[in-house]
Amino acid sequence: MNETFISFYLRANRIHVFVDSLRGIGCPRFIRFYLQENGHTLAIAPYTKKDFHSHRVPLTVYTGTGTHGMEVSSMKLCQIIARMYQWDSDRSYRVPGFVLQDRTAAIFNLGLAEVIDKP
């Protein structure tokens, strides 16, 4: 299992998906987020097409000409997770995770989030 991270920038309602996570799950063109029903874990998995529940991964993420990952705007997902964990909406959080050995998903333990900015 490869360690990786995901970050939540709550002030901007943005999620930063690290490129290691995306490469670890096979460099998909599209991804989906899956929140475990009890809210303990968030998974990112490859998806086959663009629809209302998926996000397109820009090709520049993999070529190195873009950023060190991709940014996803999702006010709803950020607010749901922030409420569940009583995160401060003016702060940013980094969550550790790992890529499954079969490369089907990257799993993040939301309970292990750490603040990554200063108040």
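Residues numbered from 1 in each chain as written. Predicted model: local features only at pLDDT ≥ 70, side-chain atom pairs only at ≥ 80, totals over all residues. Heavy atoms only, no water.

Chemist: Even after reading the chapter, I still don't get the environment of Asp 102, so can you show me in this structure?
Modeler: Counting through the fold element by element, Asp 102 comes out in the loop between β7 (92-99) and β8 (106-109). Sequence separation between Asp 102 and Gly 24 is 78 residues; the distance between their C-alpha atoms is 9.6 Å. Reaching out from Asp 102, the side chain makes a polar contact with the side chain of Thr 104 at a distance of 2.7 Å. (Helix = DSSP H or I, 4+ residues; strand = E, 2+ residues; numbered from the N terminus. Polar contact = N/O pair within 3.5 Å; in protein donor to acceptor, adjacent residues only side chain to side chain.)

Chemist: Got a minute to help me understand the nonpolar core in this structure?
Modeler: Most often, soluble globular proteins have nonpolar side chains that are buried together. Ile 6, Phe 8, Ile 15, Val 17, Phe 33 and Trp 87 are the most contacted members of the largest nonpolar core, which totals 28 residues. Tallying contributions element by element places helix α3 (residues 75-85) first for this core, with four residues. (Core = buried A, V, L, I, M, F, W, Y, C linked by side-chain atoms within 4.5 Å. Buried < 20%, exposed > 50% of the residue type's maximum accessible area, 1.4 Å probe, protein only.)

Chemist: Explanation requested: the environment of Ile 107 in the structure shown.
Modeler: With respect to the element layout, Ile 107 can be found in strand β8. The class of Ile 107 is buried, set by a relative accessible area of 18%. In contact with Ile 107, not counting residues within four places along its chain, are Thr 41, Leu 42, Ala 43, Pro 96, Gly 97, Phe 98 and Leu 100. (Contact = heavy atoms within 4.5 Å.)

Chemist: Help me understand unusual backbone geometry, please; the structure alone is not making it clear to me.
Modeler: The phi angle of most residues is negative, glycine excepted, and most peptide bonds adopt the trans form. For Cys 27, which is not glycine, the phi dihedral falls at a positive 55°. Mapped onto the secondary structure, Cys 27 falls in the loop between α1 (19-24) and β3 (30-35). Of the residues examined, Cys 27 reaches a relative accessible area of 37% and is grouped as partly exposed. In this model, Arg 103 sits at a positive phi of 65°, which is unusual for a non-glycine residue. Within the secondary structure, Arg 103 sits in the loop between β7 and β8. The class for Arg 103 is partly exposed, based on a relative accessible area of 43%.

Chemist: I tried to follow the confidence of the model for the protein chain on my own but got confused; where do I start?
Modeler: Atomic detail in the predicted coordinates should be set aside for any region of low pLDDT. With 94% of its residues at a pLDDT of at least 70, the protein chain reaches an overall mean of 91. Confidence scores differ between elements of the protein chain, with helix α2 (residues 60-63) showing the lowest mean pLDDT of 86 and β8 the highest of 97. (pLDDT = per-residue confidence, 0-100.)

Chemist: What exactly am I supposed to notice about α3 here?
Modeler: One turn of an α-helix holds 3.6 residues; hence residues three or four places apart share an orientation. Burial in α3 covers these residues: Leu 77, Cys 78, Ile 81 and Ala 82. One side of α3 carries all its buried residues, which in axial view fall inside an arc of 125°. The exposed residues of α3 that point more than 90 degrees off its buried face are Lys 76 and Arg 83. Looking at the buried positions of α3, the neighbouring elements they touch are β1 (2-9), β2 (14-18) and β3. Immediately beyond the C-terminal end of α3, within one or two residues, lies Gln 86, with a positive phi of roughly 55°. (Arc of directions from axis to C-beta.)

Chemist: Help me out: how do you make sense of the packing of aromatic side chains in this one?
Modeler: One pair of aromatic rings is described through two measures. These are the centre distance and the angle between the planes. Under the definition given, this model contains four aromatic pairs. Both rings, one in Tyr 85 and one in Trp 87, keep their centres 5.9 Å apart while their planes meet at 35°; by these two values the pair is tilted. The exposure class assigned to Tyr 85 is partly exposed, which follows from its relative accessible area of 25%. An angle of 15° between the planes, with centres 4.4 Å apart, marks the rings of Trp 87 and Tyr 93 as stacked. By the burial criterion, Trp 87 is buried, and Tyr 93 matches it. Pairwise contacts between aromatic rings join Phe 8, Tyr 85, Trp 87 and Tyr 93 into one cluster. The ring of Phe 30 has Arg 29 sitting right over it, with the charged end atom 5.9 Å from the ring centre. One cation-aromatic arrangement involves Arg 32 over Tyr 47; the distance from NZ or CZ to the ring centre is 4.6 Å. (Phe/Tyr/Trp six-rings, centres within 6.5 Å; stacked < 30°, edge-to-face > 60°. Lys NZ or Arg CZ within 6 Å of the ring centre and 35° of its normal.)

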